[in-house]
Amino acid sequence: MLEKLKDTAKKLKKQIFILYFAYQDERVAWYTKVFTASVVAYAFSPIDLIPDFIPVLGYLDDIILVPLGILLALRMLPQEVIDDCTVKAEQRLGTDKPKNWLVGALILLLWCGLTIWIGLQIYDAVR
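Remember, it's a predicted structure, so these values are computed and weren't measured experimentally.

What counts, and at which threshold
Residues numbered from 1 in each chain as written. Predicted model: local features only at pLDDT ≥ 70, side-chain atom pairs only at ≥ 80, totals over all residues. Heavy atoms only, no water. Phe/Tyr/Trp six-rings, centres within 6.5 Å; stacked < 30°, edge-to-face > 60°. Helix = DSSP H or I, 4+ residues; strand = E, 2+ residues; numbered from the N terminus. Expected span 1.5 Å × (residues − 1). Buried < 20%, exposed > 50% of the residue type's maximum accessible area, 1.4 Å probe, protein only. Arc of directions from axis to C-beta. Contact = heavy atoms within 4.5 Å. Salt bridge = Lys/Arg side-chain N within 4 Å of Asp/Glu carboxyl O.

(A) Local environment of the packing of aromatic side chains. Overall, the coordinates contain three aromatic pairs when judged by the stated rule. A centroid spacing of 5.2 Å and a plane angle of 70° characterise the contact between Y20 and F21, whose relative ring orientation is edge-to-face. A network of ring pairs unites the aromatic residues Y20, F21 and Y23 as a single cluster.

The structure is reproduced here in structure tokens:
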């Protein structure tokens, strides 16, 4: 059972790296790039749509949303792009994780902006 879970986790990690390389490929349509980049950003982001500390619901996004997003993104990609990116992903998995500081900063800014906006809405409602 534990070995099966490890294999599934490795497969998901490989698929995320395939998507990471696919959204940089010029053969991919712009709308597919946007969706694929969103899936990759969400998968790599430490911040979840539903926080993990909420019992049961906190892990639903990790169990359902991420694999569903990966599945949809892979179906949107041309097979030759998937094949090329699979080779790149296998090479990358043998080395360090990619560091994309720009995307990380954008995710952080998005969450900070959202937090400030929610705080202002609550402040206005209470006032």
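(B) Here's a closer look at helix α4 (residues 79–93). Helix length check: α4, at 15 residues, gives a terminal C-alpha distance of 21 Å against a target of 21 Å (1.5 Å per residue), a fit within 8%. Listed in full, the buried residues belonging to α4 are V81, I82, C85, T86 and A89. The arc that holds every buried residue of α4, seen down its axis, measures 135°, which confines them to one face. On its buried face, α4 sits against α1 (2–22) and α3 (57–76).

(C) Representation of the pattern of salt bridges within the structure. Enumeration over the complete set of coordinates arrives at four salt bridges. The salt bridge partner of K14 is E90, with a shortest N-O separation of 2.8 Å. Taken together, the residues span a long stretch of sequence, with K14 in helix α1 and E90 in helix α4 at a distance of 76 residues. According to the relative accessible area criterion, E90 is partly exposed, its value standing at 45%. D84 serves as the salt-bridge partner of R27, at 2.7 Å between the closest nitrogen and oxygen. Taken as a pair, R27 in the loop between α1 and α2 (30–44) and D84 in helix α4 lie far apart in primary sequence, 57 residues in all.

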